[in-house]
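Structure at a glance
Spelled out, the chains give:
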Amino acid sequence: MSRLVVAAPASGCGKTTVATGLIAALRARGTAVAPFKVGPDYIDPGYHALAAGRPGRNLDPVLVGAQRIVPLFAHGVRGAEIAVVEGVMGLFDGRVGTEGAGSTAEVATLLAAPAVLVVDARGQGRSLAALLHGFRGYDPAVRIGGVVLNRVGSARHEEVLREACAEVGLPVLGALPRDPALAVPSRHLGLVTAAEHGAAAVAAVRAIGDAVAAHVDLDAVVRLAGTAPPLTAPPWDPAAEVAAVPGRPVVTAAGRPVGTAAGRPVVAVAGGPAFTFGYAEHVELLRAAGADVAVVDPVRDEALPEGTSALVLPGGFPEQHAADLAANRPLRTAVAALAERGAPVHAECGGLLYLARELDGQSMCGVLDAEATMSGRLTLGYRDAVAAADSALYPAGARVTGHEFHRTALRPGHGATPAWHWRGGTEGFVSGRVHASYLHTHPAGNPESVTRFVAAATQLPAPRTTVGYEPAEAGR
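Here, residues in each chain are numbered from 1, in the same order as that chain's written sequence. Residues qualify for local features only when their pLDDT is at least 70, as the model is predicted, and side-chain atom pairs are given and counted only at 80 or more; totals for whole chains, interfaces and linings, by contrast, use all residues. The side-chain values count all of the structure's non-hydrogen atoms but skip hydrogen atoms and water molecules.

**Some remarks on the pattern of salt bridges**
Counted as salt bridges are all cases of a side-chain nitrogen of Lys or Arg within 4 Å of a carboxyl oxygen of Asp or Glu. Under the defined criterion, the tally for this structure stands at 17 salt bridges. Residues Glu404 and Arg383 are paired through a salt bridge, measuring 2.8 Å at the closest nitrogen-oxygen approach. On the criterion of sequence distance, the pair formed by Glu404 in strand β17 (residues 399–411) and Arg383 in strand β16 (residues 371–387) is long-range, its members being 21 residues apart. Here's how the labels work: a residue is buried when its accessible area is under 20% of the maximum for its type, exposed when over 50%, partly exposed in between, all with a 1.4 Å probe on protein chains only. The buried category is assigned to Glu404, whose relative accessible area is 5%. Looking at Arg383, the relative accessible area reads 18%, which means it is buried. Linked through salt bridges whose partners overlap, the residues forming this network are Lys37, Asp44 and Glu86. The helix count covers DSSP runs of H or I at least four residues long, the strand count covers runs of E at least two residues long, and both are numbered beginning at the N terminus.

Dropping the structure here:
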């Protein structure tokens, strides 16, 4: 598989613009492109998916283990001719306190993929040669195969920068001019998601693709990607992952407490503009574990999918859609009733906020006796967590590495039975079969949690006859 990694000396140099543009430009030429993103980021893969016409996937050694990176990559490239992997932060930046764990450099090394270094040309001149010399020599295992100059000011500026690159023997694959039209909207946690940006996101991706096609030598990029050696690891297989879980229960039609005619439980997964932070492998594992997956949009849909026996509420930006979520009282009522009935509910970050009593004064589901508000403090970083109690996802004592990324605060921060303990913190809620937390996890790194969750979905009691159950409203 031809492949390359789009890297940069630091955040903000334009990796997302160049990676998305390459994907879009190559696809416009008729090339099938598999897009990937290094790290736990959910937003960039949404733009990659728009550009590629297929799911954007993540490669995060910290969350899934380095041993799964090549198999997950091989799984994600099926049917493609070339893979474009967007890096994270600076090329060698990884988990704090480690020697680059989870960095773009680590993933490029695991994939044996050449890297294209995107340089923000603003304020750069001949000194660019020193920067490139340092990056190329810092780690011999990382092969930098070329440079894309971004935000070039003029033809003369480009000439100076090309001369600097020539001094250190690195080819310039392209030079993008300064153009505000190539930017996509941002907010407190980064870019506005592609799902929220809608038609404007489609137009932005098209414009970026056109710019890259006009200013980058696509043939040279393809030649560089083709220098990557073969990979021999077998593709990741969700069915094999769930089959390997010790003691995995067999999901059958026997008894069929809830589910489809075939006896498979229906797991509703929240989507739409408010809940976009999910991994493609999660749905694949749910299906492999025996569930039928149905998407529900809490902004627009007034009922859960028919036969729902479990609910996944991923992260996203519910704070941006709080009024619309509050206005959809029928669905809030249905979610609260499902949780009350004993269905397994898995909520992460944005999903946690949706289950609270209120969010910035707007009524939410009231499943958790907690209030959420926006704060000025960014909480960000990987967490090594230990399950504080048995739940629908984990046995007590299970160890998981996850990631926090939010600017909201919850009062209280945990329930009488918290979800997690980690160094210096206790966080989240376990209440009945509800597991709600700020912690984002990658199910490919924890397949046992998915099989446990689907097994719990097969044990849902019959619906209660109580009529008119409603979530608590803010201010009551």
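**Comments concerning the pairing of strand β12 (residues 308–313)**
Across a regular strand the side chains alternate sides, sitting on one face of the sheet and then on the other. Burial runs high along β12: 6 of the 6 residues are buried. Strand direction decides the pairing type here: β12 and strand β13 (residues 345–348), joined by 3 bridges, are parallel. Across the sheet, residue Leu311 finds its bridge partner in β13, namely Val345. DSSP calls a pair of strands paired once it identifies at least 2 bridges connecting them.

**Re the packing of helix α1 (residues 15–28) against helix α10 (residues 218–225)**
Each axis is a line fitted through C-alpha atoms, and for a helix only the stretch in contact is used; angles between axes span 0 to 180 degrees, taken between their N-to-C directions. At their nearest, the axes of α1 and α10 sit 11 Å apart, and the two run at 100 degrees to each other. Between α1 and α10, the angle is such that the two are roughly perpendicular. Here Leu22, Ala25 and Leu26 of α1 lie close against α10, whose contacting residues are Leu218, Val221 and Val222. Put simply, angles under 35 degrees are roughly parallel, angles over 145 are roughly antiparallel, angles from 65 to 115 are roughly perpendicular, and the rest are oblique. The contact definition used throughout considers only heavy atoms, calling two residues in contact when any of these lie within 4.5 Å.

**What about the side chain of Glu404?**
Here a polar contact is recorded for every N or O atom pair within 3.5 Å, except that within protein the pair must consist of a potential hydrogen donor and a potential acceptor, and residues adjacent in sequence are included only if both atoms are side-chain atoms. A polar atom in the side chain of Glu404 sits 2.8 Å from the side chain of Arg383. Contact partners of Glu404, with chain neighbours within four places excluded, come to Thr379, Leu380, Gly381, Arg383, Trp422, Tyr438 and Leu439.

**Comments concerning α10**
For α10, every residue scored as buried is listed here: Leu218, Ala220, Val221, Leu224 and Ala225. Along the axis of α10, the buried positions cluster into a sector of 160 degrees, meaning they face one direction only. The N-terminus of α10 is capped by Asp217, whose side-chain oxygen sits 3.2 Å from the backbone nitrogen of Asp219. Working definition: the arc comes from the directions between the helix axis and the C-beta atoms, pointing outward to the latter.

**Some thoughts on the nonpolar core**
By nonpolar core is meant a set of buried Ala, Val, Leu, Ile, Met, Phe, Trp, Tyr and Cys residues that side-chain atoms within 4.5 Å join together. Leu59, Leu111, Leu286 and Trp420 are the most contacted members of the largest nonpolar core, which has 88 residues in total. Of the residues forming this core, the biggest block, 7 residues, is contributed by α1. The residues contacting Leu59, other than those within four sequence positions of it, are Phe36, Lys37, Val38, Gly39, Ile69, Leu72, Phe73, Val85, Val107 and Leu111. Grouped together as the second largest cluster of nonpolar side chains are 37 residues, Val296, Leu313, Ala347 and Val434 included.

**Notes on the side chain of Asn58**
Within the element layout of this structure, Asn58 appears in strand β3 (residues 57–59). Ignoring sequence-local partners within four residues, the contact set of Asn58 consists of Lys37, Gly39, Pro40, Asp41, Pro45 and Tyr279.

**Quick look at the sheet that holds β12**
Pairing is mixed in the open sheet, where 6 strands are placed in the order β11-β10-β12-β13-β21-β20. Edge positions in the sheet fall to β11 (292–296) and β20 (429–431), since each has one partner strand and no second. The sheet shows a mean angle of 15 degrees between the axes of neighbouring strands, taken without regard to direction. Across the sheet, helix α14 (residues 329–340) is in contact with β11, β12, β13 and β21 (434–437); its angle to β12 comes to roughly 110 degrees. Here helix α16 (residues 447–457) sits on the sheet and contacts β10 (266–270), β12 and β13; the angle it forms with β12, its principal contact strand, is near 145 degrees.

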